[in-house]
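Overview (structure and organization)
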Amino acid sequence: MQNFNFKPLKMPPDVANLRRAVRSFLDAELAEMKAVDKAQSWAGYSADFSRKLAVKGWVGMTWPKALGGSEASALHRYVVIEELLAAGAPVAAHWIADRQSGTLLVRYASEAVQQRFVPAMARGEMFFCIGMSEPNSGSDLASIKTKAHRVDGGWVINGSKLWTTNAHRSQIMIALVRTTPQGKARHAGLSQFIIDLSSDGVKINSIADHLGARHFGEIFFDNVFVSDDMLLGAEGDGWSQVNSELALERSGPERYLSSYRLFAELLESLDDECDDATTQTVGEITADLWTLRQMSMSIAGQLAEGSEPSLEASMVKDLGACFEQNLPHSVQAGIGASIPSDRDSDLSETLSYLLMASPAFSLRGGTREILRGIIARGLGLK
Amino acid sequence: MTQQQQLLEETVSGLFAEMVAPMGRELDIDSDWKTLTQLGIHNIFVSEEEGGFAGSWQDARIVFYHAGRNALALPICETIVAKKLLLDAKIKIPSGPLTLATAVDSRLEPCADGDGYAFSGSLKAVAWGRISSAIVTACQHDDNDYLLVLSSADGVSSGGRANEAGEPRDNLDFNGAKVLAVSQLDDAEKELWGKAALMRTAQMSGALDAALEMSVAHVKGREQFGRPLAKFQAIQQQLAMLAEECAAVNCAAQAAALAEDFGNSRFEIAAAKLRANRSVGSSTSIAHQVHGAIGVTGEYNLHRFTQRLWAWRSEFGNDRFWAEDLGRQVLAVKDGGLWAHMTALSDKHAEQ
């Protein structure tokens, strides 16, 4: 049987200083921010905040200095992003560029392409989105229909992408598209392209969610030309590139901290004289939170060592999403004796928001069912 | 894992598997105990000069895990933890299997002849009480906390039903029994209870992994509707959830052991034991469900692990105990709140 590796992580020696610096920056920057806005967590969008964060050197930290990064370790970056999330900072604008797109470019793109994009990403000025899902391809990603065909000097892309986070607020997309028609090997013939969303033939519509918020959208490609150097990595290697990208995407602290603001608000509303049932709820949530943090840190440590713990990352994402989704229900169920029921409080407003926002937590970045399928494969059941 | 830890893991996993074979064989407190002690497994924390391993809690966790994973029915884990408590308190260690328990209605008094102390009180559900040579327990006297060692033979048995897995849990009453040794230790009972909870957490992690392993093997081999159960999505999804629970508890146990090596790990132990306890219901349910009727037969070995999980969930702190303990710790945090507290704890383990 497959053994899962969750060895504990020892943080690098100087993280306490880095934490202090990030916290003092955030204390000042977020002082006026409402609790319910902080509760948006990594869906909270502020291009202005992203630029300020970049000035501090906390965007693209691990990237080469020649490209505007600071060649910091992955664990130092981990400390920064968990502090951002715990504080409820509005990180959405640069989040995807920082988490995966920049790393992909550093890994696969030519030097000229890197110079064109990465320094601007590290300055918090150029934002990326990920083109994966399509109208008829959700969990079954390999069935995508958007395709690119070769023309003189490059490629022409046709098709559409859907549910793309911040499609309407990003300059660039990294899209997975078909470069050869689907044959027997479903995962073959897929490639990744860098697409400038200001190109001719690109049309973008944002989509309102059930809260009225516009954080995702649809993108149409009508004969969109991209030059040869916009092919990311090797032609036909898209599937394996996307899968190693998913290890970066699935294990971070954003996979268990999306509801943390509600827990923080709950704790602020309580004093140490609270009733036994509420005390127990606090203990239970804390045990899950602490365990998930240990798991997430363990994976960060393994990624930093150059391993690719994709299976473990799927486990953290699924457990984390369940935790984030259960948290609002636990708080709602406990309202009464010690947990205040004032509907105008920050606590109540945060609770309402997360009750409604949380169903998406087990959809975005890979559904619960897909993740469990990956784990089952790891167990040798498929 | 260090090279030394890998060696320890290979040794104990091989040894324990060999000892319990064929599974269900009743282990013998003389010959089997001798096998364990000849290899020094009980001396994980003892210094190298005294023939031990000079190990850490992270090392001991490896032994606890494999004891759980093999359902090893001897008090090796209890002995290791009892020895550690005595070593830390600089108390001379009695020979033979040791165990640990907390006392109710207890009293510690100087002996009438002025030589040493006498203990009166009841120890309930003492793990392996009847086959242990000595018991480590805690007691208050004159507003101070003490850690002390009692000779098991001085206790009068007042029953005690075995736990769900059939492991002895004996009630022993002491009435003015002379203590073998005693040492003042602040929060002695809390210390004992916390370390024992860490031990059980690691054992539970081993038992969970064994249940997962058996479940995976079973669904691969058993066919229904013309194909292995493993090929049904309903089964795959269930076992993925079980694997996640195994991973979570394993990670929690390892992280708590690391924290204990740095001292002051009440927070981490509370979180880890609570997380382990909370996994028991769903995990044992999934393991049995995918097995069907064979899993509840006496002949099949799944129950050796699920019974232990049901038992150990209650031992050294059930869900309610640790949820209130942890909840109170969190509510008592003042400066910067839970997040600052939790990160300060893990930053303390930063590599120097």
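Refer to the structure above for everything that follows.
As the structure is a prediction and not an experimental result, all values here were calculated from the model.

Focus: the environment of V331 of chain A
Mapped onto the elements of the fold, V331 of chain A is located in helix α10 (residues 310-334). Contacts of V331 of chain A, omitting those with residues within four sequence positions, involve L262, L266, I339 and L351 of chain A.

As for the sheet that holds strand β1 (residues 98-100) of chain B
Residue and element names in this part refer to chain B. Reading across from one edge, β1-β4-β5-β8 is the order of the four strands in this open sheet, with mixed pairing throughout. Of all strands in the sheet, those with a lone pairing partner are β1 and β8 (181-184), marking the two edges. For this sheet, the mean inter-axis angle between neighbouring strands, taken without regard to orientation, is 25°. Both β1 and strand β4 (residues 134-141) contribute to a ladder of three bridges, which runs parallel. Counted as the bridge partner of L98 is A134 from β4. Docked against the sheet, helix α4 (residues 76-88) engages β1, β4 and β5 (144-151), running at close to 80° with respect to β1. Seen against the sheet, helix α5 (residues 188-221) touches β1, β4 and β5 and runs at an angle of roughly 145° to β4.

Concerning the packing of helix α5 (residues 92-108) of chain A against helix α7 (residues 238-250) of chain A
Residue and element names in this part refer to chain A. Viewed as axis vectors pointing N to C, α5 and α7 meet at an angle of 135°, and their least axial separation amounts to 10 Å. With respect to their mutual orientation, α5 and α7 come out oblique. For the pair α5 and α7, the sense of crossing is right-handed. Residues R99, Q100, T103, L104, R107 and Y108 of α5 form the contact with α7, whose participating residues are Q241, S244, E245, L248 and E249. Of the residues in the contact of α5 with α7, the class split is three nonpolar, four polar and four charged.

A look at the sheet that holds strand β7 (residues 169-178) of chain B
Residues and elements named next belong to chain B. An order of β2-β3-β7-β6 is seen for the four strands of this open sheet, with the pairing classed as antiparallel. Pairing within the sheet leaves two strands with one partner each, and these edge strands are β2 (103-110) and β6 (156-157). Examined bridge by bridge, β6 and β7 share two bridges and lie antiparallel to one another. Within β7, the residue paired with S157 across the bridge is L172.

Topic: the nonpolar core
If you look at the biggest cluster of nonpolar residues, it comprises 167 residues, and the most contacted ones within it are F263 of chain A together with L36 and L239 of chain B. Non-local contacts of F263 of chain A, meaning those with residues more than four positions away in its chain, are made with V282, I285, T286, L289 and L327 of chain A together with L338 of chain B. Among the nonpolar cores identified, the runner-up in size contains 45 residues, and M132, M173, A175 and V177 of chain A belong to it.

Things to note about the side chain of R308 of chain B
All names here are of chain B. For R308, the position within the fold is in helix α8 (residues 302-314). Classification of R308 as buried rests on a relative accessible area of 6%. A polar side-chain atom of R308 sits 2.9 Å from the main-chain carbonyl oxygen of R304. Contacts of R308, omitting those with residues within four sequence positions, involve A71, A73, A165, E167 and H303.

Quick word on the packing of helix α9 (residues 276-304) of chain A against helix α10 (residues 337-347) of chain B
It is the contact of α9 of chain A with α10 of chain B, at a shortest axis distance of 12 Å, that shows an interaxial angle of 45°. Considered as vectors, α9 of chain A and α10 of chain B are oriented oblique to each other. In this structure, the crossing between α9 of chain A and α10 of chain B has a hand that is right-handed. Packed against α9 of chain A, whose contacting residues are T286, L289, W290, R293 and M297 of chain A, the element α10 of chain B presents L338, W339, M342, T343 and S346 of chain B at the interface. Tallied by class, the residues present in the contact of α9 of chain A with α10 of chain B amount to six nonpolar, three polar and one charged.

A word on the pairing of β2 of chain B
Residue and element names in this part refer to chain B. The sheet contact formed by β2 and strand β3 (residues 117-127) spans six bridges and is antiparallel. Paired with R107 across the bridge in β3 is S120. Between the antiparallel neighbours β2 and β3 lie six residues, among them G114 with a positive phi of about 80°.

Observations regarding the packing of aromatic side chains
Residues and elements named next belong to chain A. Under the criterion given, the structure shown has 16 aromatic pairs over all chains. Measuring from centroid to centroid gives 6.3 Å for Y45 and F127, while their planes differ by 80°, and the two rings are edge-to-face. You can see Y45 sitting in the loop between α2 (35-38) and α3 (47-55) and its partner F127 sitting in the loop between α6 (111-122) and β1 (128-131), a full 82 residues away along the chain. Owing to a relative accessible area of 26%, Y45 belongs among the partly exposed residues under this scheme.

Basis of the calculations
Note that residues are indexed from 1 along each chain, following the sequence as it is written. Note on labels: chains are lettered from A, ligands numbered from 1, in written order. Given that the model is predicted, a residue must reach a pLDDT of at least 70 before its local features are reported, and side-chain atom pairs must reach 80 or more before they are shown or counted; all residues, however, enter totals for whole chains, interfaces and linings. Based on all heavy atoms of the structure, the side-chain values leave hydrogens and waters out of the count. Note on conventions: DSSP H or I runs of at least 4 residues are helices, E runs of at least 2 residues are strands, and numbering of each starts at the N terminus. Throughout, a contact is declared for two residues whenever any of their heavy atoms are within 4.5 Å. For two strands to be treated as a pair, DSSP must find no fewer than two bridges joining them. Geometry is summarised by axes, namely lines fitted to C-alpha atoms with helices restricted to the contacting stretch, and by angles between N-to-C directions that run from 0 to 180 degrees. Roughly parallel covers angles under 35 degrees, roughly antiparallel covers those over 145, roughly perpendicular covers 65 to 115, and oblique covers all other angles. Helix crossings get a hand from a simple test, with the near helix turned counterclockwise from the far one by less than a right angle marking a left-handed crossing and a clockwise turn marking a right-handed one. Nonpolar residues are Ala, Val, Leu, Ile, Met, Phe, Trp, Tyr, Cys and Pro. Charged residues are Asp, Glu, Lys and Arg, and all others, Gly as well, are polar. By nonpolar core we mean a set of buried residues, namely Ala, Val, Leu, Ile, Met, Phe, Trp, Tyr and Cys, connected to one another through side-chain atoms within 4.5 Å. For the exposure calls, accessible area comes from a 1.4 Å probe over protein chains only, and a residue counts as buried if that area is under 20% of its type's maximum, exposed if over 50%, partly exposed in between. Here a polar contact is taken to be a pair of N or O atoms separated by no more than 3.5 Å, where protein atoms must pair a possible hydrogen donor with a possible acceptor and residues adjacent in sequence count only if both atoms sit in side chains. When two rings of Phe, Tyr or Trp (its six-membered ring) have centres within 6.5 Å they constitute a pair, described as stacked for plane angles under 30 degrees, edge-to-face for angles over 60, and tilted for the intermediate range.

In short, shape yes, function no, at least from these values alone.
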